[in-house]
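Listed below, chain by chain, are the residues.
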Amino acid sequence: MAKNYESSDLEVLEGLDPVRKRPGMYTDTTSPNHLAYEVIDNSVDEALEGHAKKILVELFEDQSISVEDDGRGLPVDIHPKEKVPGVELVLTKLHSGGKFSGKNYKFSGGLHGVGVSVVNALSKHLSVWVKRQGHHYTMTFRNGDKRDDLELIEKIAKNAQGTKIWFKPDPKYFDHSDFNAKDLERNLKAKAVLCNGLLVEFINHHQKNEKISWRYEGGLAEYLSDSIKDFDDTVLNDAYIIDTKKADFELSLALNWIKESETLISESYVNLIPTKDGGTHVSGLRAGITDAIREFCEFQNLIPRGIKIAPDDVWRNVQFVLSLKISEPQFSGQTKSRLTSREASNITQGITKDFFSIWLNQNSLYAKDVANLVIENAVLRSKKSKSVVRKKVISNGPALPGKLADCISQDPSLSELFIVEGDSAGGSAKQARNRETQAILPLRGKILNTWEAESTEILKSQEVENISIAIGLNPNETSLENLRYSKICILADADSDGLHIAALLCALFLRHFRALVENGHIFIALPPLYRIDQAKSVHYAIDEQEKDSIVEQLTKKNKNQKISITRFKGLGEMNPSQLRETTMKPETRKLIRLTLSKSNDDDDVFEKLLSRKKVQERKQWIEEKGNIASAIEI
């Protein structure tokens, strides 16, 4: 280490070096998805301005991806100051772009000028094609550096226009090198929902060139109605809608209440960018709707003595989708998951309070249904606040994991913990659960194979430590006095990856928390793999065999009605309402209790499945019996 600290020790990072040096400051390094979103958002900005009508995204087998639109095309003329083509400038220089002044884009998500240059910096290969003013151009980059100058490929029709960017992310910058196709689909669907008339297409070459397309003419109302169509207890027959445009902002809202459900659909967007952590626009929405309902209840003299309406009383049963378009939005980071613009709160609060107050007074029957539901929530909250006792936590123990969404009940005999595969599925489970008795702990990917690990070592894994803290027990603890939940349910996808994760969790409990297995506290949830629809009849099947049986029965019952079959790709793809009804609701779910066999050969089975010493034996077993293996045999 140098003893002196001089000016010569100072470093100046040039070009895209800052991104490569600290990628986490510029993008989400969990997976390359956010790089795709940066390119997609640029195409969406063209659609917002009315210059693009179609966006095509293709995910290739080598984990490269392309985004193509029919917008105006990136500039190809020489920049007067930088002396390079505009397309080269935006791909190689940070904080360059056409969205700072507001002249070219009224509402835009990409304002920092670092999006596509970050994509280039963190990609092994990137190519761009531009159709503009009767000419077709291309340019290529390697590791963020220009490989070939901008080249004119051919002359084309003057009305042909657009931009296509293809890139292959460099795996060394990401925790998981593969794109998350499910999240890509959700993101693209949202773009179509929020930009009326925009055709969005997605081709996944991993899934036999599966092509999905979305175009929503009905916007948020159509989307929300589709999302809650399985509920028959909505307060409003049709979602409450706001769709207003002013000179400096546009606001769209679809909102409804579900009487009995804990399944909340809450989505918010700013300039078509999903703000999963909410922000000032959501805070303003909550305040505006709450103020309107309070004033209505007070004016109608509906509130019982001693009861005050809190925001949570209003929002406990609310399903909403909010879209705000404003100039120069400010976000908490480059991933743009939370809006921080102060003016957004004033806009959404003012608009929603005024509009909803008018609607409440013009629709008194529906208004009183909403008011009664809110007042019931307030009364229930008031009773609980007087009697609730905080659930016992391990004495002198660590704080509960931040990812744990705990339940309200303080009685372990009534409480359940769902250990869920993945943050996305964990989010759906949190919306689908009964908050009174069900807690959710999301896991990030496959957990450590703990079968041959010492109990003193396994807590070095953050995921295993989170499980241990959440359930209130240490590895090898035989006393269950501090157990926080009577049921611990493993909830993973119904595919092979999900079964692998479930097997790893079973091994963890069998080896290191055996008392839980011996006393019947561990369960495996069985989410469906298929949904079968015939007219208004809906059925679910956990495997191919059950699906075929249901189809056979439906066909015999009514041969003339069409049967539609949907295969779920994972828990995160299911609507929270579907997840609740099929997998989490005690009356309709299927759970398998993890028990020890009478033959006492459980350890031998897991030794064969997971031991590093049994690789050859396991390989031989798979070759001989893998095609006939079943959960019962294993």
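Rules used throughout
Residues numbered from 1 in each chain as written. Predicted model: local features only at pLDDT ≥ 70, side-chain atom pairs only at ≥ 80, totals over all residues. Heavy atoms only, no water. Helix = DSSP H or I, 4+ residues; strand = E, 2+ residues; numbered from the N terminus. Buried < 20%, exposed > 50% of the residue type's maximum accessible area, 1.4 Å probe, protein only. Contact = heavy atoms within 4.5 Å. Areas by Shrake-Rupley, 256 points an atom, 1.4 Å probe, with all protein chains shown as cover. Pairing = 2+ DSSP bridges. Axes fitted to C-alpha atoms, helices over the stretch in contact; angles between N-to-C directions. Parallel < 35°, antiparallel > 145°, perpendicular 65-115°, else oblique. Left-handed = near helix turned anticlockwise from the far one by under 90°. Nonpolar A, V, L, I, M, F, W, Y, C, P; charged D, E, K, R; others polar. Expected span 1.5 Å × (residues − 1). Polar contact = N/O pair within 3.5 Å; in protein donor to acceptor, adjacent residues only side chain to side chain. Salt bridge = Lys/Arg side-chain N within 4 Å of Asp/Glu carboxyl O. Core = buried A, V, L, I, M, F, W, Y, C linked by side-chain atoms within 4.5 Å.

Engineer: I tried to follow the overall build of the protein on my own but got confused; where do I start?
Structural biologist: When its secondary structure is counted, the protein shows 19 helices and 21 strands. For the protein, the residues scored as buried account for 49% of the 634 residues in total. Look at the contacts in the protein between residues 6 or more apart in sequence, and 68% of them connect residues 24 or more apart. As displayed, the protein has an accessible area near 32,100 Å², and 47% of this comes from carbon and sulfur atoms.

Engineer: So what exactly am I meant to see when it comes to the pairing of strand S10 (residues 249–257) here?
Structural biologist: Taken residue by residue, a regular strand's side chains alternate between the two faces of the sheet. Here S10 lies mainly inside the structure; 9 of its 9 residues are buried. Where burial is concerned, the two faces of S10 agree: the one with Phe 249, Leu 251, Leu 253, Leu 255 and Trp 257 and the one with Glu 250, Ser 252, Ala 254 and Asn 256 are both buried. In this structure, strand S9 (residues 240–245) lies alongside S10, joined through 6 bridges in antiparallel fashion. Within S10, the residue paired with Asp 243 across the bridge is Ser 252. If you look at the hairpin formed by S9 and S10, you'll find 3 residues sitting between the two strands. Of the strand pairs in this sheet, S10 and strand S13 (residues 318–326) are connected by 9 bridges, and their pairing is antiparallel. Following the sheet pairing, Trp 257 is matched in S13 by Val 318.

Engineer: Teacher, can you tell me more about the packing of helix H7 (residues 280–299) against helix H9 (residues 342–362) here?
Structural biologist: When two helices pack together, their arrangement is given by the angle between their axes and by how far apart the axes lie. Their axes nearest at 7 Å, the elements H7 and H9 cross at an angle of 30°. As judged from the angle between their axes, H7 and H9 are roughly parallel. Judged by the twist between their axes, the crossing of H7 over H9 is right-handed. Contact residues: Thr 280, His 281, Gly 284, Leu 285, Ala 287, Gly 288, Ile 289, Asp 291, Ala 292, Ile 293, Glu 295 and Phe 296 in H7; Ala 344, Ser 345, Thr 348, Gln 349, Thr 352, Lys 353, Phe 356, Ser 357, Leu 360 and Asn 361 in H9. Residue composition of the contact of H7 with H9, by class: 9 nonpolar, 10 polar and 3 charged.

Engineer: How should helix H5 (residues 181–194) be read in this particular structure?
Structural biologist: Helical geometry: 3.6 residues make up each α-helical turn, so side chains three or four residues apart lie on a common side. Spanning 14 residues, H5 covers 20 Å between terminal C-alpha atoms, matching the ideal 20 Å at 1.5 Å per step. Extensive coverage of H5 is indicated by the burial of 10 of its 14 residues. Of the positions making up H5, those classed as buried are Ala 181, Leu 184, Glu 185, Asn 187, Leu 188, Ala 190, Lys 191, Ala 192, Val 193 and Leu 194. At the N-terminal boundary of H5, the capping side chain belongs to Asn 180, with an oxygen 3.1 Å from the backbone nitrogen of Lys 182.

Engineer: I would appreciate a short explanation of the packing of helix H11 (residues 423–432) against helix H17 (residues 576–584) in the present structure.
Structural biologist: In the contact formed by H11 and H17, the axes pass within 8 Å of each other and the chain directions differ by 75°. Overall, the two elements H11 and H17 adopt an arrangement that is roughly perpendicular. In contact with Ser 428, Ala 429, Gln 431 and Ala 432 of H11, H17 contributes Pro 576, Leu 579, Arg 580 and Met 584. Across the contact of H11 with H17, the residue classes tally to 5 nonpolar, 2 polar and 1 charged.

Engineer: How should I be thinking about the sheet that holds strand S15 (residues 438–443) in this particular structure?
Structural biologist: Pairing between the strands of a sheet comes from backbone hydrogen bonds, and it takes one of two forms, parallel or antiparallel. The 5 strands are arranged S15-S14-S16-S17-S21 in an open sheet whose pairing can be described as mixed. Strands with a single pairing partner mark the edges of an open sheet, and in this sheet they are S15 and strand S21 (591–593). Averaged over neighbouring strand pairs, the angle between their axes works out to 25° when direction is ignored. Sheet topology places strand S16 (residues 487–491) next to strand S17 (residues 522–525); 3 bridges connect them, and they run parallel. Looking across to S17, one finds that Ile 488 is bridged to Ile 522. Seen against the sheet, helix H14 (residues 496–512) touches strand S14 (416–421), S15, S16 and S17 and runs at an angle of roughly 150° to S16.

Engineer: Looking at this model, I keep getting lost on helix H2 (residues 33–48). Mind explaining?
Structural biologist: The terminal C-alpha atoms of H2, which comprises 16 residues, lie 22 Å apart, in line with the 22 Å expected from a rise of 1.5 Å per residue. The element H2 is largely enclosed, with a buried count of 14 among its 16 residues. Following H2 by one or two positions, Gly 50 has its phi on the positive side, about 85°.

Engineer: Whenever I open this one, the sheet that holds S9 confuses me. Can you help?
Structural biologist: Strand order in this open sheet of 5 strands is S9-S10-S13-S11-S12, and the pairing throughout is mixed. Strands with a single pairing partner mark the edges of an open sheet, and in this sheet they are S9 and strand S12 (273–274). Of the strand pairs in this sheet, strand S11 (residues 266–270) and S13 are connected by 5 bridges, and their pairing is parallel. Of the residues in S13, the one forming a bridge with Ser 268 is Leu 322. H7 contacts S10, S11 and S13 of the sheet and is inclined by roughly 125° relative to S13.

Engineer: What am I meant to see in the pattern of salt bridges here?
Structural biologist: Here the idea is simple: oppositely charged side chains can pair when their charged atoms come close. Counted by the stated rule, this structure contains 23 salt bridges. A salt bridge links Asp 41 to Lys 191, with the shortest nitrogen-to-oxygen separation between them at 2.9 Å. Of this pair, Asp 41 sits in helix H2 while Lys 191 sits in helix H5; the two residues are 150 residues apart in sequence, bridging distant segments of the chain. Between Lys 547 and Glu 544 there is a salt bridge, and its shortest N-O distance comes to 2.9 Å. On the criterion of helical spacing, the pair formed by Lys 547 and Glu 544 is a turn pair, its members being 3 residues apart in helix H16 (residues 544–557). The structure contains a network of salt bridges with shared partners spanning Lys 54, Glu 201 and Lys 211.

Engineer: How should I be thinking about the environment of Asn 519 in this particular structure?
Structural biologist: On the secondary structure map, Asn 519 appears in the loop between helix H15 (514–518) and S17. It is 9.9 Å that separates the C-alpha atoms of Asn 519 and Ser 486, two residues lying 33 residues apart in sequence. A polar contact of 2.7 Å, which involves the side chain of Asn 519, links it to the backbone oxygen of Ala 515.

Engineer: Is there a simple way to explain unusual backbone geometry in this structure?
Structural biologist: A negative phi holds for most residues other than glycine; trans holds for most peptide bonds. Residues other than glycine seldom take positive phi values, yet Gln 133 does so here, at roughly 50°. Among the secondary structure elements, Gln 133 is positioned in the loop between strand S3 (123–132) and strand S4 (135–142). Relative accessible area serves as the criterion here: at 62%, Gln 133 is assigned to the exposed category.

Engineer: Looking at this structure, how should I read the nonpolar core?
Structural biologist: Soluble globular proteins tend to pack their nonpolar side chains together in the buried interior. Membership of the largest hydrophobic core comes to 59 residues, with the highest contact counts inside it found for Ile 40, Phe 167 and Leu 184. When sequence neighbours within four positions are dropped, the list of residues in contact with Ile 40 reads Val 57, Val 67, Leu 184, Asn 187, Leu 188 and Lys 191. Within the second largest apolar cluster, 39 residues are counted, among which are Leu 236, Tyr 240, Cys 297 and Leu 322.

Engineer: Whenever I open this one, the environment of Lys 590 confuses me. Can you help?
Structural biologist: Assignment of secondary structure puts Lys 590 in the loop between H17 and S21. Placed 66 residues apart in sequence, Lys 590 and Ile 524 show a C-alpha to C-alpha distance of 8.6 Å. Ignoring any residue separated from it by four or fewer positions in sequence, one finds Lys 590 in contact with Ile 524, Ala 525, Leu 526, Ile 542, Glu 546 and Thr 582. Engagement of the side chain of Lys 590 in a polar contact is seen with the side chain of Glu 546, the distance being 3.0 Å.

Engineer: So what exactly am I meant to see when it comes to the side chain of Asn 204 here?
Structural biologist: Tracing the sequence through the fold places Asn 204 in strand S7 (residues 199–204). A distance of 2.9 Å separates a polar side-chain atom of Asn 204 from the backbone nitrogen of His 206. Asn 204 has contacts with Leu 59, Ala 181, Asn 209 and Glu 210, leaving out every residue within four places of it along the chain.

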